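Structural overview
What follows is the residue order along each chain.
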Amino acid sequence: MSEVGLDYASLAMRRPSELSGGQRQRVAIARALITNPEFVVLDEPTSALDASTQAQVLNLLIDLQARHNLTYLLITHNIAVARYMSDYMMIMYMGKILEAGETTVILKEPQHPYTQALIESIPDINKAELKPPTGEVGSLVNPPKGCRFYPRCPFRMDICREREPPIIEVQKGIRVACWLYIKK
């Protein structure tokens, strides 16, 4: 408990509902580390936390990663968290990997139209307006036949509706599943 910044004596008799969100998250991290794992899955580790608590938890996770030589699989919708925490990322849409590679490269030069749309939707003080992806979100129960992003893609072609694109390397270390990069 002390390793994640909690005092056991002050928390031992408290119910989970009596803990703050940050304290609950630290308890969850302590529980994950108790077995001395090499690999930890972090599923939205900072959701529902305020910005300062998010920063504290992320810094704690990075410190623990270095101290225990941990490998993390980070699952998040927050691109800023992914940028801060990851070396390698995969962008998924409706259960399919659309782009994969080094985080810094993907965020600097996104190749897939969905990745581009995600990055355009990140709030930035230098942007006058956010541009979220447009179009109809597909059904997970009955996904589109071809590319899952087809209904929302500004560059869609007929082949996108018919066939799912294979994932190919488009530049060193960057793989993309998009018909824009495949010679037909």
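Note: the structure precedes this text.
The structure contained in this document is the topic of the report that follows. Note that the structure is predicted; figures quoted are calculated from it, not measured.

Considerations on the overall build of the protein
Helix and strand content of the protein: seven helices and six strands. Traced from its N-terminal end to its C-terminal end, the protein shows the element sequence α-α-β-α-β-α-β-β-α-α-α-β-β. Over its C-alpha atoms, taken along the principal directions, the protein stretches across nearly 65 × 40 × 30 Å. Per-residue burial for the protein yields a buried fraction of 36% across its 184 residues. For the protein, contacts bridging at least 24 residues in sequence account for 45% of all contacts bridging at least 6. Split by element, the accessible area of the protein, about 11700 Å² in all, is 53% carbon and sulfur. Charged side chains of the protein number 21 positive and 20 negative; the gap between the two group centres comes to 5 Å.

As for the pattern of salt bridges
Any two side chains of opposite charge can pair, given that their charged atoms come close. Applying the stated criterion to the full structure yields six salt bridges. Taking the shortest distance from any N to any O, the salt bridge between arginine 67 and glutamate 3 comes out at 2.9 Å. Here arginine 67 is found in helix 3 (residues 51-68), whereas its partner glutamate 3 is found in the segment before helix 1 (8-11), with 64 residues between them in sequence. A relative accessible area of 44% places arginine 67 in the partly exposed class. Residue glutamate 3 is classed as partly exposed on the basis of its relative accessible area of 33%. Glutamate 162 serves as the salt-bridge partner of lysine 145, at 3.4 Å between the closest nitrogen and oxygen. Of this pair, lysine 145 sits in the loop between helix 6 (113-120) and helix 7 (158-162) while glutamate 162 sits in helix 7, and the two are 17 residues apart along the sequence.

Focus: the environment of threonine 76
For threonine 76, the location among the structural elements is in the loop between strand 2 (71-75) and helix 4 (79-85). Considering only alpha carbons, one finds threonine 76 and glutamate 44, 32 residues apart in sequence, at a separation of 4.9 Å. Contacts of threonine 76, omitting those with residues within four sequence positions, involve Glu44, Val81 and Ala82. Within the structure, the side chain of threonine 76 is placed 2.9 Å from the backbone nitrogen of asparagine 78, a separation counted as a polar contact.

Re the packing of aromatic side chains
One pass over the structure, following the stated rule, counts three aromatic pairs. Taken together, a centroid distance of 5.2 Å and an interplanar angle of 85° make the contact between tyrosine 93 and phenylalanine 149 edge-to-face. Separated by 56 residues along the polypeptide, tyrosine 93 in strand 3 (residues 88-93) and phenylalanine 149 in the loop between helix 6 and helix 7 bring together distant segments of the chain. Look at tyrosine 93 and you get buried, because its relative accessible area is 6%. Aromatic rings pair up to connect Tyr93, Tyr114 and Phe149 into one cluster.

Quick notes on the rules
- Per chain, the residues get numbers from 1 upward, laid out in the order the sequence is written.
- The predicted nature of this model means local features are confined to residues of pLDDT at least 70 and side-chain atom pairs, given and counted, to a pLDDT of 80 or more, with totals for whole chains, interfaces and linings taken over all residues.
- Side-chain figures throughout are based on the complete set of non-hydrogen atoms in the structure, without hydrogens or water.
- Numbered from the N terminus, helices here are DSSP runs of H or I no shorter than four residues, and strands are runs of E no shorter than two.
- We call a residue buried when its accessible area falls under 20% of the maximum for its residue type, exposed when it is over 50%, and partly exposed in between, using a 1.4 Å probe and counting protein chains only.
- In this analysis, two residues are considered to be in contact whenever any of their non-hydrogen atoms come within 4.5 Å of each other.
- Surface exposure here means Shrake-Rupley accessible area, sampled with a 1.4 Å probe, where a residue is shielded only by the protein chains that are shown.
- We treat Lys and Arg as the positive residues and Asp and Glu as the negative residues; His and chain ends play no part in the count.
- Where a charge lies is defined by one atom per residue type: Lys uses NZ, Arg uses CZ, Asp uses CG and Glu uses CD.
- The term salt bridge refers to a side-chain nitrogen of Lys or Arg lying within 4 Å of a carboxyl oxygen of Asp or Glu.
- For the purposes of these results, a polar contact is taken to be a pair of N or O atoms within 3.5 Å, where, inside protein, one atom must be able to donate a hydrogen and its partner to accept one; residues adjacent in sequence count only when each atom of the pair is a side-chain atom.
- Aromatic contacts are taken between Phe, Tyr and Trp rings whose centres are within 6.5 Å, Trp giving its six-membered ring; a plane angle under 30 degrees counts as stacked, one over 60 as edge-to-face, and the others as tilted.

Distances and angles like these do not, on their own, reveal function.
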